[in-house]
Number of protein chains: 2
Amino acid sequence: MAGKLVYWFEEGGEEHRAILGGKGAGLAEMTRIGLPVPPGFTITTQACKLYYQSDRKLPDSLKQDIKDYIKGLEQKTGKHFGGDQNPLLVSVRSGAPISMPGMMDTILNLGLNDRSVKGLYEATQDLRFSYDCYRRFIQMFGNVVLGIPHSEFERVFSQLKKDEGVTQDQDVSAQGLKSLVASYKRIIRQKAGIEFPDDPYDQLFMAVSAVFDSWNNERAIIYRNINKISHDLGTAVNVQTMVFGNMGADSGTGVMFTRDPSTGERVLYGEYLMNAQGEDVVAGLRTPRPILEIDEDLPGMLEQLKKVARLLEDHYKDMQDIEFTIERGKLYILQTRAGKRTAQAALEIARALVQEGQISKETAVMRISPEEVSRLLHRAIDPKAIAEAVCQGLPASPGAATGKVVFDTAKAEILGEQGEKIILVRPETTPDDMPGIVHAQGILTSRGGMTCHAAIVARGMGKPAVVGCDALRIDLEGNKATIAGREINEGDVISIDGSTGNVYFGQVPLVEPIMGGAFKEVLGWADEVRRLGVKANADTPEDARRAREFGAEGIGLCRTEHMFMGHDRMAAVQQMILADTEEDRRKALDVLLPMQEADFYDILKAMRGYPVTIRLLDPPLHEFLPNVEELMKTLSEMKAKGAPKSEISHVEDLLRKAKALQEMNPMLGMRGCRLGIVYPEIYEMQARAIFQATARLIKEGISDVYPEVMIPLVGAAKELEILRERVEQVAGQVKQEQGVDFPVVIGTMIEIPRACLTADEIAAHAQFFSFGTNDLTQTTFGYSRDDAEAKFLHKYLGEKILKDNPFAVLDQKGVGKLVETAVKLGRGIRPDLVIGICGEHGGEPSSIEFFHKAGLDYVSCSPYRVPVARLAAAQAALRSRQA
Amino acid sequence: MAGKLVYWFEEGGEEHRAILGGKGAGLAEMTRIGLPVPPGFTITTQACKLYYQSDRKLPDSLKQDIKDYIKGLEQKTGKHFGGDQNPLLVSVRSGAPISMPGMMDTILNLGLNDRSVKGLYEATQDLRFSYDCYRRFIQMFGNVVLGIPHSEFERVFSQLKKDEGVTQDQDVSAQGLKSLVASYKRIIRQKAGIEFPDDPYDQLFMAVSAVFDSWNNERAIIYRNINKISHDLGTAVNVQTMVFGNMGADSGTGVMFTRDPSTGERVLYGEYLMNAQGEDVVAGLRTPRPILEIDEDLPGMLEQLKKVARLLEDHYKDMQDIEFTIERGKLYILQTRAGKRTAQAALEIARALVQEGQISKETAVMRISPEEVSRLLHRAIDPKAIAEAVCQGLPASPGAATGKVVFDTAKAEILGEQGEKIILVRPETTPDDMPGIVHAQGILTSRGGMTCHAAIVARGMGKPAVVGCDALRIDLEGNKATIAGREINEGDVISIDGSTGNVYFGQVPLVEPIMGGAFKEVLGWADEVRRLGVKANADTPEDARRAREFGAEGIGLCRTEHMFMGHDRMAAVQQMILADTEEDRRKALDVLLPMQEADFYDILKAMRGYPVTIRLLDPPLHEFLPNVEELMKTLSEMKAKGAPKSEISHVEDLLRKAKALQEMNPMLGMRGCRLGIVYPEIYEMQARAIFQATARLIKEGISDVYPEVMIPLVGAAKELEILRERVEQVAGQVKQEQGVDFPVVIGTMIEIPRACLTADEIAAHAQFFSFGTNDLTQTTFGYSRDDAEAKFLHKYLGEKILKDNPFAVLDQKGVGKLVETAVKLGRGIRPDLVIGICGEHGGEPSSIEFFHKAGLDYVSCSPYRVPVARLAAAQAALRSRQA
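What you are looking at is a predicted structure, and each value in this text was computed from that prediction instead of being measured.

1. So, the overall build of chain A
Helices and strands together make up the secondary structure of chain A, namely 34 helices and 33 strands. In terms of overall dimensions, chain A has C-alpha extents of about 105 × 65 × 55 Å along its principal axes. Counting across all 883 residues of chain A, residues that qualify as buried make up 56%. Total accessible area on chain A stands at roughly 35800 Å², and carbon and sulfur atoms take up 49% of it. Counting 105 positive and 122 negative side-chain charges, chain A places the averaged centre of each group 3 Å from the other.

Set out below in structure tokens:
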């Protein structure tokens, strides 16, 4: 048999959380530091296990223990359990080691029966109060312990009010409440088939058993499954002497925060109600008063509360959320816990606690959730605003926005340019919607997942987006939509919150982003402890500048395909693609060269002092041509209209080329380094543009630029060997032509499984690896991201076939194993190999922690995720230091 | 310094192959067993290494050794090196441990100079012969040692013949040849800048150095790179006393095989020429005579040759190819090696040698190349036929065919049905070409790789195919083609050999496939030693029967999608796809159920006694619909023609559905078990069909049927868990409905990287794994097979970026590593997990060896590859036993 199964509050503390549960440990801790906690004891999680081992029965020895502790409690309080004089009433509360909504919570006033209710009356001289306590107890007991629905009791209560001609509970007479007790007992007899237990010990044993049983109720099991909490922990039970805030004008109850939870300011914050119980506050029938005014009701109480607040904050070294009750002028503390706060307050409090010498910088860093930081970078719904969401989609890109609904991209562009604030509402977005997205305050779509086009583009631009909002039905032809049965027309104002996925009708007040001193300071501390570098994915000088502001230490991924898409370049790019010979292709590339050089010149300059990793052309060439279907449509229209033969033949020409480039599975086709191998002149042009830009900068005296050439989609070492040689050759030529020297750094993206599996061979030719986890996830799972999200991923997530969307959260079991393999093989050959990651996962905290553990050197993410990554990287470092 | 660097032939043997080279070891071996080998010695590969260590110089000590051995040779032969009486002439030949074309081969008659040529004349009394030897030697020396092109010498020789008014070499006078010697020496002086070395030792040292140098000539290095031969081995040099077959009527030369190389019959086979040297035979100026008639020229010689043949065959325990020379009536053996033979002969000889007690069954099994076995299953070009290929494509499907060229599939079908033998010639084939392929003798395409549509279909049907024939230019509109500048019109007869890739103009004689007793017996021995099971991929009862004939032990992959494609089923299948509700879908499936049941009934019956692994539906649904482009075309044509509105709207409907199902990358999209998860009713129907067929068979008394249900494309354990449960449920229902019991076996294909990486979790729900290495190769490399072969794989193979086409030969480094991981993880959880492979690689010998080593239980391949796989599996087992 196990050892000690019951503990006085005086005997425990935080260190016993595993056996006392969170609530029990808190009560013990407060008792230990001398706070006025109503006396009580905790039945441990060990006892819970024993209960289950004993076939859901309380062993006699445990019953005896409990009896002994009740006796002890009687001695401590001078009260009598079930006594007709000064009766001892207790609360019974569950408390698991990890906080778990969904379990039984609380039974109050246990110990009342027909005898002790008289004792209560005698002690309080308040008949109504006494029977009100009694009937409340029977209802709670009936519901929680015996499983009788509340409605059974409330029906009778309603009838009573009707009979007495009153509408409010508090207006019911004492006699009425007394009759109610009898009715309630009848209900218990009828519904549960037992007599309401008179013996207070029976009441207690049944309540304790009910708490233990609730550990395995359905909601609790589901909650544990979802949150991966072990089913073996068990719950503790806290038995505590009742105190009453409703015993008259010198009694009351309240809640206080040790600091302002909105701003973090060090000022007592909270509310109280005199002659009331907690449930009265919740019911909202009376308006609570600000805590700072409590001395008006109970002079001197504010000082007491401040003392408690200081004591608890100093003890827990964090802002506390404290529940208290005052019984006949005496203050009791019933609960304390870390207080919920806004992101802004979290940063301010963390900084203040460090300044006050309460916590270390490391602790401060651990206190901030990375997602909170992300929210700070964007406008938010005013926390003080009362707004009810009408529906919820996926929180695809953080920040809140409000504006007029527009369904048409062209219209969005026009209105946006006129200075209208608009929300672009589309079934989904495509690259064609870019002008509309640029001019919108925010984007709302009815389809798509966390990594759909709209989501990725919006995140990159730091623009709020809610996607995959199932409840939204869009009728593009009718230029309208419905949400929850309500029609929305063009021009109607809505608001969206991309941090929560919420959608609101009308305008909701927003607050501007605040990146104050605390933000900078705490992130600075994060920088001190993190091992991982943090870079940004940026393709333009503007992005590069923003990334620097957010603390990026370089560009980890500069894509070059966007540079091919500018309207001024499309003609040359298409000419290059349509070229039948290498010579024609080179001519077209000669036109592109100075443009590319200018691109690289600007971006290298904007990132001076830091490395800029430039990925050579990656997408399949047909992405730069109109698609086949479009061309076919145009053609048939032209033919129908009887267009001139020469025009038709031109389109036919384009169509033929587009068809020739068409692929069954372009994701797995002629792209990445395969392009570079088959058309060497494309990569040669790009390499030349990079090195000429570098040479120009050096000649202009800007020598601290560090371009790095990244070859995409390598799957065989030989690919990299060949392309590396060609790039080096170009570098050599440029050095000679320009008469300047610069280091040449060449590496590769690791983004297909075979690259991971043969990373040792590849590392022989690479100065760095950068994991392209987007593509690596696609090939490891055999999922095409676009197709998966449209067709089955939603179902997979809904049915928990996959825990997370692997395109948002790195799949550590599969993809992660390949990452680890590649790191091991690569470093085995080349210990100084620099290894980073530049997929979407580079900005996701749990993935960042994995990359830290896997020994990567840096993560690279979109500029708006850089602060998130800095913090997550620091937390990863601190956590592994602890482990 | 190294030890002994030179060996007498008498001192060595096969066991010294590493230092004596192949040729030296053979000469030593023959000397050792008492055959009349002209005496000589071998300078070892160690000496070669020393030569390179000494900066490409022969160390003095080595020179001294060589001198000593020449002295010894003088004693053995009674001849004098460079002597003017009875001079010692030697041949100098290279000989590496592994046979290597591309290295220096032979210098004959070394030792001749102005003095010793007189001695030769004195010994032979043949002036013309002596100077002919001399001028041949100088030319060979000049060419091989000094690098002077043959043409330099031949120009002068031609002039001489002109001057003497003769056309044939042998008609040139002795005096003419004498003058030629002087001219040749002048050429050497002019071209090499040195005097022709008179000193025979100088000649010898230069020749030996030249042999050593040839180890590192360009061709040799390339050859070693391609064949993965170490560059460190070095070559040996053989110095051997010359013998002459051209010393008169009692001299001669010949080649003999110890058995008939075409049939394997035990009869001496070969040819000889009297008064001739080897090069005369090669030159083809005189017709050699059959070896069995040699007694007519030299009575008693046949008996001597037979004795040698028997001795060598008994010694090497294999059919030998022997070169001999007769000098003045005395027989000398110059070389023996394993004789090349036809596949048929290989089997017959192997069986005969076992019957004769010469070799073990295991050795017999090792002697046959698996690809040879494959050839036996198909018609072949008659080995006796003289036919010159006009071009060569890829040998895509073995066997030879001859017929009239047809470019049009419809026409091929018509002519084929009329009994015409035709060859279907297409740029490439698609599923639309199936009727033409069915009716053709063979297929020839100008595009495509070893795994293109034509190749796969043809292999499956056992029909010859040559694909990717670059030299073939097809003009479909003109209904003609050209090869090598020659036009081919419809109806012209061509022949193709799918085993070699050769294409011939006109009809070439073919021989029918022979699977005689030797075939069956040797494969039976293979079955005795192999550990791997061999199953077949078969979707029809006919395929199943053929597979059994070829020795398959079950069906490892029965695809069900082909069953959905029959014309009688298309309507129901499309109805199922177009269904908007589950109910409509179930209605369509109800129509399909009895058809599927009949399919499974037939195939299970045909394979009774063996397991049949049935893969549930795998391809994306849009594969069963007309494609979008086609529908768009139809639609625009209908509109142009003013078709009735209702018809147009029907096609529009189809188009809408097809578009909705369209995917960016169908390979990575909604297919495999993802279909089964999203549309449970499809897999339910299939499972029901399988189990109802099983129940029916059992009720009919055929209880030895073993269906196994295979879930495709699993990437997360949960997928399999869910689908397994559903299939089991259906099985339970059918058992109850039908009142019979049968075991339910459920497993999965392992065909995406994540399945390999999480194979432990997946194995918890699988009774078997079957590697789908086709898809696994696609995802591991990130290659779409169709796109890769069309766009870049050809270039990758050409430039040796990849050694082999990974879709033909398993990529052991990448894909293989995943296979090993999956085996380890899977068996770790479930030691009795049955593991097979059913991709194309299951019939490829080097891949089979890998699967053997990886511990798989079976391979499954197309029926025609089953014998290949049986043999390859046996050889893998024997090789690992040896290792």
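2. Section: the environment of I19(B)
All names here are of chain B. As for its position among the elements, I19 is in helix α1 (residues 17–32). It is 36 Å that separates the C-alpha atoms of I19 and F129, two residues lying 110 residues apart in sequence. Excluding residues within four positions of it along the chain, I19 makes contact with Y7, T44, T45, Q46 and A236.

3. Here we look at the pairing of strand β11 (residues 320–327) of chain A
Residues and elements named next belong to chain A. Taken across its 8 residues, β11 has 7 buried, putting it largely inside the fold. Inspection of the sheet shows strand β8 (residues 252–257) paired to β11 by 6 bridges, in the antiparallel sense. Within β11, the residue paired with V255 across the bridge is E323. Two elements, β11 and strand β12 (residues 330–338), share 8 bridges in a ladder whose sense is antiparallel. By the bridge assignment for β12, E323 is matched with Q335.

4. What about the relation of the copies chain B and chain A?
When chain B is brought onto chain A, the operation consists of a screw motion whose angular component is 180° and whose axial shift is 0.1 Å, with 0.2 Å RMSD remaining. Taken together, the rotation and translation relating the two chain copies correspond to the operation of a two-fold axis. When each C-alpha of chain B is compared by its distance to the rotation axis, N665(B) comes out closest, at 2.1 Å. The fraction of interface residues of chain B whose copies in chain A are also interface residues reaches 100%, indicating that both copies meet through the same surface.

5. Description of the pairing of strand β17 (residues 422–426) of chain A
Residues and elements named next belong to chain A. Among the 5 residues in β17, 5 count as buried, and that is most of the element. Going residue by residue along β17, you find I422, L424 and R426 tucked away on one face and I423 and V425 tucked away on the opposite face as well. Sheet topology places strand β16 (residues 400–406) next to β17; 3 bridges connect them, and they run parallel. In the sheet register, K404 faces β17, and the bridge partner there is I422.

6. Concerning the interface of chain B and chain A
Listed per partner, the contact involves 52 residues of chain B and 52 residues of chain A. In this structure, the connection of chain B to chain A is made through 5 salt bridges. Across the pair K813(A) and E761(B) runs a salt bridge, and its minimum N-O distance is 2.7 Å. At the boundary of chain B with chain A, the tally comes to 29 residue pairs in polar contact (both at pLDDT 80 or more). Tallied by class, residues from the side of chain B that touches chain A come to 25 nonpolar, 10 polar and 17 charged.

7. Things to note about helix α2 (residues 45–53) of chain A
All names here are of chain A. For α2, every residue scored as buried is listed here: T45, A47, C48, L50 and Y51. Contacts from the buried residues of α2 go to α1 (17–32), β2 (40–43), α3 (60–77), α8 (200–214) and β7 (236–241). Among the residues of α2, the N-terminal cap falls to T44, whose side-chain oxygen and the backbone nitrogen of Q46 are separated by 3.2 Å. Following α2 by one or two positions, D55 adopts a phi angle in the positive range, close to 65°.

8. What about the pattern of salt bridges?
Tallied over the full model, the rule gives 128 salt bridges over all chains. In this structure, the salt-bridge partner of E681(A) is R585(A), at a minimum N-O distance of 2.7 Å. With E681(A) in helix α25 (residues 680–699) and R585(A) in helix α21 (residues 582–606), this residue pair connects regions lying 96 residues apart in the sequence. Take R585(A): its relative accessible area is 11%, and that puts it in the buried class. Measuring nitrogen to oxygen at the nearest pair gives 3.3 Å for the salt bridge that ties K735(B) to D741(B).

9. Considerations on unusual backbone geometry
Residue and element names in this part refer to chain B. Residues other than glycine seldom take positive phi values, yet N86 does so here, at roughly 45°. N86 sits in the partly exposed class, given a relative accessible area of 34%. With a phi close to 60°, K800 is a non-glycine residue in the positive phi region. Checked against the element boundaries, K800 lands in the loop between α31 (793–798) and α32 (815–829). For K800, a relative accessible area of 48% corresponds to the partly exposed category.

10. With respect to the sheet that holds strand β5 (residues 90–95) of chain B
Residues and elements named next belong to chain B. An order of β1-β2-β7-β5-β6 is seen for the 5 strands of this open sheet, with the pairing classed as antiparallel. Looking at the sheet topology across the chains shown, the edges are occupied by β1 (6–8) and β6 (106–110). The mean inter-strand angle of the sheet, taken between neighbouring strand axes irrespective of direction, is 20°. Where β1 lies against strand β2 (residues 40–43), 3 bridges are found, and the strand directions are antiparallel. In the strand pairing of β2, V6 is matched with I43.

11. Let's talk about the sheet that holds strand β17 (residues 422–426) of chain B
Residues and elements named next belong to chain B. With respect to topology, 8 strands assemble into an open sheet ordered β14-β24-β23-β16-β17-β18-β19-β15, the strand pairing being mixed. Edge positions in the open sheet fall to β14 (391–392) and β15 (394–397), since each of these has one partner strand only. Where β14 lies against strand β24 (residues 502–505), 2 bridges are found, and the strand directions are antiparallel. Among the inter-strand pairings, C391 is bridged to a residue of β24, identified as V503.

12. Some words on the confidence of the model for chain A
Parts of the model with low pLDDT should not have their predicted coordinates read in detail. Of the residues in chain A, 99% have a pLDDT of 70 or more, and the chain-wide mean is 92. Here the predicted complex scores 0.84 on pTM and 0.83 on ipTM.

13. Considerations on the environment of A346(A)
Residues and elements named next belong to chain A. Topologically, A346 is positioned in helix α12 (residues 343–355). According to the relative accessible area criterion, A346 is buried, its value standing at 6%. Sequence-distant contacts of A346, defined by excluding residues within four places in its chain, comprise R341, I368 and E372.

14. Concerning helix α25 (residues 680–699) of chain B
Each α-helix winds once per 3.6 residues, and so residues spaced three or four apart point in a common direction. Taking 1.5 Å per residue, 20 residues should reach 28 Å; α25(B) reaches 28 Å between its end C-alpha atoms and fits that length. Remark: G701(B) follows α25(B) within two positions and exhibits a positive phi of approximately 90°.

15. Some thoughts on the packing of aromatic side chains
Two aromatic rings, taken as a pair, are described by how far apart their centres are and by the angle between their planes. Residue and element names in this part refer to chain A. All chains considered together, the criterion is met by 42 aromatic pairs over all chains. Here F153 and Y184 contribute two aromatic rings whose centre-to-centre distance is 4.9 Å and whose plane-to-plane angle is 75°, an arrangement assigned as edge-to-face. One end of the pair, F153, is in helix α6 (residues 150–164); the other, Y184, is in helix α7 (residues 174–192), and 31 residues separate them in sequence. In this pair, the class of F153 matches that of Y184, namely buried. Connected via pairs of aromatic rings, a cluster forms that spans F781, Y783, F792 and Y796. Positioned above the aromatic ring of Y7, the side-chain terminus of K4 is 4.9 Å from the ring centre.

16. Remarks on the side chain of Q240(B)
Residues and elements named next belong to chain B. Structurally, Q240 is set in strand β7 (residues 236–241). Overall, Q240 belongs to the buried group, its relative accessible area being 3%. Filtering out sequence-adjacent residues up to four positions away, Q240 remains in contact with F9, L27, V37, P38, P39, G40, L89, V90, S91, R93 and L334.

17. What to know about the nonpolar core
In terms of nonpolar packing, the biggest core is built from 296 residues, with F691(A), I711(A), F771(A), F691(B), I711(B) and F771(B) touching the most fellow members. If we ignore the near neighbours within four places in the chain, the residues touching F691(A) are V709(A), V727(A), V730(A), A731(A), V734(A), F742(A) and V744(A).

18. Focus: the state of the cysteines
Where two cysteines share a covalent bond between their sulfur atoms, that bond is called a disulfide. All names here are of chain B. On inspection of all chains with the given rule, the structure shows 0 disulfides over all chains. Here C391 stays unpaired: no disulfide links it, and the sulfur of C469, its closest cysteine neighbor, is 3.3 Å away. For C391, a relative accessible area of 8% gives the class buried.

19. Thoughts on the packing of helix α4 (residues 116–124) of chain A against helix α5 (residues 127–145) of chain A
Between two packed helices, both the angle of their axes relative to each other and the distance between the axes serve to describe the pair. Residue and element names in this part refer to chain A. Contact geometry of α4 with α5 gives a least axis separation of 8 Å together with a crossing angle of 145°. Crossing of α4 over α5 shows right-handed handedness. Between α4 and α5, the contacting residues are V117, L120, Y121 and T124 on the first element and L127, F129, S130, Y131, C133 and Y134 on the second. Class assignment for the residues of the contact of α4 with α5 results in 8 nonpolar, 2 polar and no charged.

How each quantity is defined
- Residues numbered from 1 in each chain as written.
- Chains lettered and ligands numbered in written order.
- Predicted model: local features only at pLDDT ≥ 70, side-chain atom pairs only at ≥ 80, totals over all residues.
- Heavy atoms only, no water.
- Helix = DSSP H or I, 4+ residues; strand = E, 2+ residues; numbered from the N terminus.
- Buried < 20%, exposed > 50% of the residue type's maximum accessible area, 1.4 Å probe, protein only.
- Areas by Shrake-Rupley, 256 points an atom, 1.4 Å probe, with all protein chains shown as cover.
- Lys, Arg positive; Asp, Glu negative; His and termini not counted.
- Charge placed at Lys NZ, Arg CZ, Asp CG, Glu CD.
- Contact = heavy atoms within 4.5 Å.
- Pairing = 2+ DSSP bridges.
- Least-squares fit on C-alpha atoms with pLDDT ≥ 70 in both.
- Salt bridge = Lys/Arg side-chain N within 4 Å of Asp/Glu carboxyl O.
- Polar contact = N/O pair within 3.5 Å; in protein donor to acceptor, adjacent residues only side chain to side chain.
- Nonpolar A, V, L, I, M, F, W, Y, C, P; charged D, E, K, R; others polar.
- Axes fitted to C-alpha atoms, helices over the stretch in contact; angles between N-to-C directions.
- pLDDT = per-residue confidence, 0-100.
- Expected span 1.5 Å × (residues − 1).
- Phe/Tyr/Trp six-rings, centres within 6.5 Å; stacked < 30°, edge-to-face > 60°.
- Lys NZ or Arg CZ within 6 Å of the ring centre and 35° of its normal.
- Core = buried A, V, L, I, M, F, W, Y, C linked by side-chain atoms within 4.5 Å.
- Disulfide = S-S within 2.5 Å.
- Left-handed = near helix turned anticlockwise from the far one by under 90°.

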